[in-house]
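Single-letter residue listing:
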Amino acid sequence: NTLNLGYHDIGLISEVPGPMLEKVIKSIPVQKLGKPENIFNAVIFLIKSDYITGTSLDVNGGLY
């Protein structure tokens, strides 16, 4: 299984200048950055699902 991550409020995104960050956020359909908890919840979902194998899970606010 893989997670396809979009922009989350963690890591290098904190280095993106304000005007550019606003453009990034506007490009995300849910109009916000993801939270680390979103990644954690996706991982827990996959761990608990014993019948999901070889899948890709998009955790990206609808970006792609």
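Above this note sits the structure.
Now for a look at the structure at hand. (Residues numbered from 1 in each chain as written. Predicted model: local features only at pLDDT ≥ 70, side-chain atom pairs only at ≥ 80, totals over all residues. Heavy atoms only, no water.)

A word on the overall build of the protein chain. Across its full length, the protein chain holds two helices and two strands. Helices and strands appear in the protein chain in the N-to-C order β-α-α-β. Here the C-alpha coordinates of the protein chain stretch approximately 45 × 20 × 15 Å along the principal axes. Taking all 64 residues of the protein chain together, 17% fall into the buried category. Restricting to contacts in the protein chain with at least 6 residues of sequence separation, those with at least 24 account for 72%. Accessible surface, the protein chain: about 4,800 Å² in total, of which carbon and sulfur atoms supply 60%. Across the protein chain, the centroid of the 5 positively charged side chains sits 7 Å from that of the 6 negatively charged ones. (Helix = DSSP H or I, 4+ residues; strand = E, 2+ residues; numbered from the N terminus. Buried < 20%, exposed > 50% of the residue type's maximum accessible area, 1.4 Å probe, protein only. Contact = heavy atoms within 4.5 Å. Areas by Shrake-Rupley, 256 points an atom, 1.4 Å probe, with all protein chains shown as cover. Lys, Arg positive; Asp, Glu negative; His and termini not counted. Charge placed at Lys NZ, Arg CZ, Asp CG, Glu CD.)

Attention now goes to the environment of Y64. Topologically, Y64 is positioned in the segment after β2 (56-59). In this structure, Y64 is in contact with N4, L5, G6 and D58, ignoring residues within four places of it in sequence. Engagement of the side chain of Y64 in a polar contact is seen with the backbone oxygen of L5, the distance being 2.8 Å. (Polar contact = N/O pair within 3.5 Å; in protein donor to acceptor, adjacent residues only side chain to side chain.)

Attention shifts here to unusual backbone geometry. With a phi close to 60 degrees, Q31 is a non-glycine residue in the positive phi region. Summarising the element assignment, Q31 is placed in the loop between α1 (18-27) and α2 (36-48).

We now examine the side chain of N60. Within the fold, N60 resides in the segment after β2. A relative accessible area of 8% means that N60 is categorised as buried. At 2.9 Å, the side chain of N60 forms a polar contact with the backbone nitrogen of G62. Ignoring anything within four residues of it in the chain, the contact list for N60 reads N4, L5, G6 and I28.

Before going further, it helps to examine the environment of S14. Position of S14 among the secondary structure elements: in the loop between β1 (2-5) and α1. Using a relative accessible area of 58% as the deciding quantity, one classes S14 as exposed. S14 sits 21 residues away from K35 along the chain, and the two C-alpha atoms are 13 Å apart. A distance of 3.0 Å separates a polar atom in the side chain of S14 from the backbone oxygen of G11.

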